[in-house]
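Chain by chain, the residues:
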Number of protein chains: 2
Amino acid sequence: MPATQLRAASPTGSRTGTREAILALALDLLQARGFNAFSYQHIADRLGIRKAAVHYHFPTKADLGLALVAHYRAQFEDWRGAQMEKGAGPLQLLRGYMAISLHFLRDGGKACPLGVLEAEFASLPPPLREAVTALDTELREFLAGVLEAGRRAGIFRFDGPAADKVLVITASLQGGLHIARAAGARSFTRMLRQLERDLGITND
Amino acid sequence: MPATQLRAASPTGSRTGTREAILALALDLLQARGFNAFSYQHIADRLGIRKAAVHYHFPTKADLGLALVAHYRAQFEDWRGAQMEKGAGPLQLLRGYMAISLHFLRDGGKACPLGVLEAEFASLPPPLREAVTALDTELREFLAGVLEAGRRAGIFRFDGPAADKVLVITASLQGGLHIARAAGARSFTRMLRQLERDLGITND
DNA sequence: GTCTATAACGTGATAGAC
DNA sequence: GTCTATCACGTTATAGAC
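Residues numbered from 1 in each chain as written. Chains lettered and ligands numbered in written order. Predicted model: local features only at pLDDT ≥ 70, side-chain atom pairs only at ≥ 80, totals over all residues. Heavy atoms only, no water.

K.L.:
Help me understand the protein's contact with DNA strand C, please; the structure alone is not making it clear to me.
P.N.:
By nearness alone, 18 residues border DNA strand C, and A:Lys61, B:Thr18, B:Arg50, B:Tyr56 and B:His57 come closest of all. Considering the 4 Å shell around the protein, atoms of DNA strand C inside it are sugar or phosphate in 61% of instances. Separating a base nitrogen of DNA strand C from a side-chain N or O atom of A:His55 is a distance of 3.1 Å. Contact distances for DNA strand C include 2.4 Å between a phosphate oxygen and a side-chain N or O atom of B:Tyr56. Of all the elements in the fold, those that place two or more residues in the surface near DNA strand C are α2 (40-47) and α3 (51-57) of chain A together with α3 (51-57) of chain B. For the surface near DNA strand C, the element with the highest residue contribution is α3(B), accounting for four residues. Among the residues making up the surface near DNA strand C, the classes are represented as seven nonpolar, seven polar and four charged. (Near = heavy atom within 4 Å. Polar contact = N/O pair within 3.5 Å; in protein donor to acceptor, adjacent residues only side chain to side chain. Helix = DSSP H or I, 4+ residues; strand = E, 2+ residues; numbered from the N terminus. Nonpolar A, V, L, I, M, F, W, Y, C, P; charged D, E, K, R; others polar.)

K.L.:
What should I look at first to understand the protein's contact with DNA strand D in this one?
P.N.:
What surrounds DNA strand D is a group of 19 residues, the closest being A:Thr18, A:Arg50, A:Tyr56, A:His57 and B:Lys61. One of the side-chain N or O atoms of A:His57 is found 2.6 Å from a phosphate oxygen in DNA strand D. B:Ser39 places a polar side-chain atom, nitrogen or oxygen, 3.5 Å from a phosphate oxygen of DNA strand D. Taken together, the elements giving at least two residues each to the surface near DNA strand D come down to α3 of chain A together with α2 (40-47) and α3 of chain B.

K.L.:
Got a minute to help me understand the interface of chain A and chain B in this structure?
P.N.:
Many analyses report the size of an interface as the accessible area lost when the parts associate. Across the contact, 41 residues belong to chain A and 41 residues belong to chain B. Carbon and sulfur atoms supply 59% of the area buried between chain A and chain B, which totals about 3500 Å² over both sides. Linking chain A with chain B are six salt bridges. Close ionic contact of A:Lys165 with B:Asp198 constitutes a salt bridge, the shortest N to O distance being 2.7 Å. For the side of chain A that touches chain B, the element with the highest residue contribution is helix α8 (residues 162-183) of chain A, accounting for 16 residues. Split into classes, the residues belonging to the side of chain A that touches chain B amount to 16 nonpolar, 13 polar and twelve charged. (Contact = heavy atoms within 4.5 Å. Buried area = accessible area lost by both parts, 1.4 Å probe. Salt bridge = Lys/Arg side-chain N within 4 Å of Asp/Glu carboxyl O.)

K.L.:
So what exactly am I meant to see when it comes to the relation of the copies chain A and chain B here?
P.N.:
One copy of the chain maps onto the second through a rotation about an axis and a displacement along it. Structural alignment of chain A on chain B gives an RMSD of 0.0 Å, achieved by rotating through 180 degrees and translating 0.0 Å along the axis. Seen this way, the second copy is the image of the first under a two-fold rotation axis. Both copies present the same face, since 100% of the interface residues in chain A are matched by interface residues at the equivalent positions in chain B. (Least-squares fit on C-alpha atoms with pLDDT ≥ 70 in both.)

K.L.:
What is the right way to look at the environment of A:Thr133 in this model?
P.N.:
Along the polypeptide, A:Thr133 turns up in helix α7 (residues 126-152). Linking A:Thr133 and A:Phe121, residues twelve residues apart in sequence, is a C-alpha distance of 10.0 Å. If we ignore the near neighbours within four places in the chain, the residues touching A:Thr133 are A:Phe121 and B:Ala182. A polar contact of 3.5 Å, which involves the side chain of A:Thr133, links it to the backbone oxygen of B:Ala182.

K.L.:
Sorry, what's going on with helix α4 (residues 61-85) of chain A here?
P.N.:
Since the α-helix packs 3.6 residues into each turn, any two residues three or four apart lie on the same face. All names here are of chain A. With 25 residues, α4 extends 36 Å between its outermost C-alpha atoms, agreeing within 8% with the 36 Å of an ideal straight helix rising 1.5 Å per residue. Residues of α4 that are buried: Leu64, Gly65, Ala67, Leu68, Val69, His71, Tyr72, Phe76, Trp79 and Gln83. Buried residues along α4 sit against α1 (18-33), α2, α5 (90-106), α6 (113-119) and α7. Just past α4, the residue glycine 87 takes up positive phi, approximately 60 degrees. (Expected span 1.5 Å × (residues − 1). Buried < 20%, exposed > 50% of the residue type's maximum accessible area, 1.4 Å probe, protein only.)

K.L.:
I would appreciate a short explanation of the packing of aromatic side chains in the present structure.
P.N.:
One pair of aromatic rings is described through two measures. These are the centre distance and the angle between the planes. The tally for this structure, following the rule as stated, stands at twelve aromatic pairs over all chains. When the ring of B:Tyr72 is compared with that of B:Phe104, the centres are 6.4 Å apart and the planes differ by 45 degrees; the resulting orientation is tilted. Residue B:Tyr72 is located in helix α4 (residues 61-85), and its partner B:Phe104 is located in helix α5 (residues 90-106); the two are separated by 32 residues in the primary sequence. With relative accessibility at 10%, the residue B:Tyr72 sits in the buried group. According to the relative accessible area criterion, B:Phe104 is buried, its value standing at 7%. An aromatic cluster is defined as three or more aromatic residues linked by ring pairs; in this entry it consists of A:Phe76, A:Trp79, A:Tyr97 and A:Phe142. One Lys or Arg, A:Lys61, reaches over the ring of A:Phe38 and ends 4.6 Å from the middle of that ring. (Phe/Tyr/Trp six-rings, centres within 6.5 Å; stacked < 30°, edge-to-face > 60°. Lys NZ or Arg CZ within 6 Å of the ring centre and 35° of its normal.)

K.L.:
How should the pattern of salt bridges be read in this particular structure?
P.N.:
Between side chains of opposite charge, a pair can form when the charged atoms approach closely. Scanning the model with the defined rule gives 22 salt bridges over all chains in all. A salt bridge links A:Glu148 to A:Arg151, with the nearest nitrogen and oxygen atoms 3.1 Å apart. Of this pair, A:Glu148 and A:Arg151 are both found in helix α7, three residues apart, which corresponds to roughly one turn of the helix. Between B:Arg80 and B:Glu77 there is a salt bridge whose closest N-O contact spans 2.9 Å. Placement of both B:Arg80 and B:Glu77 in helix α4 is noted, with a separation of three residues, approximately one turn of the helix. Taking relative accessible area as the criterion, B:Glu77 reaches 29% and is therefore assigned partly exposed. Counted as one network, the salt bridges with shared partners bring together A:Arg73, A:Glu77, A:Arg80 and A:Glu138.

From the geometry alone we can't say anything about function, so treat these as descriptive.
Pasting the structure below:
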């Protein structure tokens, strides 16, 4: 998923896609290195522009962080919309959601943006913390609906509230992506299979 | 767990426990803020000494990181030794392990040291990465033994290899501690209950 | 073992020309 | 919208006195 980005120069020499290019690259850096471990300089170097140009689009790093969360949220909404349009069922939705994490892993060992920001939570600007909390809640509510629908339909089997099962699944996905850096990519695919076993999903 | 630390002045005005005090505080900072989000200055300020004194004990931050992993590993070995000494069974061992994470959470919303370092993995000095990988492997091997013994004894019920189930549990614990920063402490205790349900443990 | 002082660098951020 | 130039600050790290 190279993401939707740049190219499409305006009549002048300026590129109207710079803002989007910054967002796409910054999201990559966030997922690969963490919010505190990438800088405006890194972005400028890899985009072939100057730091000041980055500051023009995102005056402070808190602004950039907020835009990153909004960007990721928009990507999720797009994905959800596409799934709904093709009438995906609970199993397809859950596996599709897991596949997103798998794509992150295979794209250079990236982690979940939310998982990264929550790991660095205490050092984040307060407005960014609030945005993280809001998106985290939204994602878990979506997944709880998927799990509950799947259980009613006899596709998933688990005890307890769907909201609690969601906590195990999202924590596993976020934590599993981090562990995979130390334990290898195979650890994550094995973990995914175990998550399915724990839901009573039988693989032929 | 205020940790074992300082006090016990030597004949001169110097404290022989400075090294241990640095380690204890740095571990706190690592778990609360992350490896990239605490500095020698933070340590010096809170200990009432100068930065140079910290560098005397741990010349580079990589040295400090390696010592932190060794320190945490020693704490785990102590805990494991105490459990073995009192003949703890699989359920007691698993719950004791989960309780460690719960203590972290309640001690100011700290996370697992390994979970934090794995989240920042790409930005860590290579030697530190290797130490993280080694300890991560050791902890999962220990837990796999606990799970397998518990399954044989009819205490735990789960499908698939114990090593895979361990991946779900450790990823859940590490990820759950991060999510708790955004979702609140209750999310973590609910997740722990779900982990027990998923192991067929019945709570009266 | 701890201190003062400083070096060398990277960071987020701003001013003002083009 | 991007540039050059600069600032103020925090960072890791070292030298040398006490």
